[in-house]
Amino acid sequence: MKTYGLIGYPLGHSFSARYFADKFAQEQIVDCQYLNFPIESIDRLPEMLEQEKNLRGFNVTIPYKQAVFAYLDDLSDEARAIGAVNCVKIGPNGLKGFNTDAYGFSRSLLNLIGDRRPQALVLGTGGASKAVCYVLTQLGISHRLVSRQSGSNRLSYAEVTSELIHQTPLIINATPLGTFPNVKDCPDIPYQALGPDHSLFDLVYNPAVTEFLKRGADQGAHTQNGYDMLIGQAEKAWEIWNSPSL
């Protein structure tokens, strides 16, 4: 039985195992399984790999999208440029890291904004944020990062004023805030400054309508959650795992 899976901790929020189980059933793929591997420390990855002899590849989620680099033998050009890995292929030459978040995010974002290229705020500076910023740069969308503390090339949440919100039509939540079960959490921005000219994209997909998206919709903003991005990145990972040339 070919095994694929997901590493991260915790994994209670993940839809990946269910998504691939449904995919295998619908496409009548009978020789594959997808499992969650909630490892409490990235140091346990070699032990997991030793135990899972049939593992062909795995996805990587919070908090290991950068820490996993230390265990890889090779990187795709895109993963190297982004600085984060969410997909690993196991082959005869070892472990190779890829980033399929960029593919999934780009596909889903273009469904939201179409031909527009609005200025953007990216909330968060972790591994998911790196993929978001890579895509925005590729699309020619100017953007600024927001984090809990200001620093080089990033604003603090205290610096996100109503005036800045008015000037920035696209706001992307690349933090885990609002993920189930903490569904009342959301980034601390002046939501009252949002309006019908704004588009809000939340990488969180559970729940389908996060507090971030709800507050935006209440102001008339266009909204998109992370589920379509999940589908895109999952299908890209499946393509990578099954491509002999990658």
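My aim in this report is to walk through the structure given alongside it, one point at a time. (Residues numbered from 1 in each chain as written. Predicted model: local features only at pLDDT ≥ 70, side-chain atom pairs only at ≥ 80, totals over all residues. Heavy atoms only, no water.)

**Some words on helix 1 (residues 16–26)**
Point 1. Within the span of helix 1, buried status applies to Ser16, Tyr19, Phe20, Lys23 and Phe24. In an axial view of helix 1, the angular spread of the buried residues amounts to 130°, which keeps them on one side of the axis. Of the residues in helix 1, the exposed ones pointing more than 90 degrees away from the buried face are Arg18, Ala25 and Gln26.
Point 2. Looking at the packing, one finds that the buried side of helix 1 touches strand 1 (2–8), strand 2 (32–38), strand 3 (55–60) and helix 8 (227–241).
Point 3. Where helix 1 terminates, the next one or two residues include Gln28, which has phi positive at roughly 55°. (Buried < 20%, exposed > 50% of the residue type's maximum accessible area, 1.4 Å probe, protein only. Helix = DSSP H or I, 4+ residues; strand = E, 2+ residues; numbered from the N terminus. Arc of directions from axis to C-beta. Contact = heavy atoms within 4.5 Å.)

**So, the layout of surface pockets**
Here the idea is plain: a probe the size of a water molecule rolls over the atoms and shows the empty space left.
Point 1. Approximately 1,100 Å³ is the volume attributed to the largest pocket.
Point 2. Ile62, Ala128, Ala174, Thr175 and Pro176 are, among the 46 residues lining the largest pocket, the residues nearest its centre.
Point 3. Sorting the residues of the lining of the largest pocket by element identifies strand 3, helix 5 (127–138), strand 8 (143–147) and helix 8 as the ones contributing at least two each.
Point 4. A breakdown of the residues in the lining of the largest pocket according to their chemical character gives 21 nonpolar, 21 polar and four charged.
Point 5. Looking at the second largest pocket, its volume works out to about 200 Å³.
Point 6. Lining of the second largest pocket is provided by Asp74, Lys89, Gly91, Pro92, Asn93, Gly94, Leu95, Lys96, Pro244 and Leu246.
Point 7. Secondary structure elements with two or more residues in the lining of the second largest pocket: strand 5 (87–91) and strand 6 (94–98).
Point 8. A per-element tally of the lining of the second largest pocket places strand 6 first, with three residues.
Point 9. Tallied by class, residues from the lining of the second largest pocket come to four nonpolar, three polar and three charged. (1 Å grid on protein atoms, 1.4 Å probe; cavity = no way out; pocket = protein on both sides within 12 Å on 5 of 7 lines; lining within 4 Å. Points joined across faces, edges and corners; volume = space filled by probe spheres on them. Nonpolar A, V, L, I, M, F, W, Y, C, P; charged D, E, K, R; others polar.)

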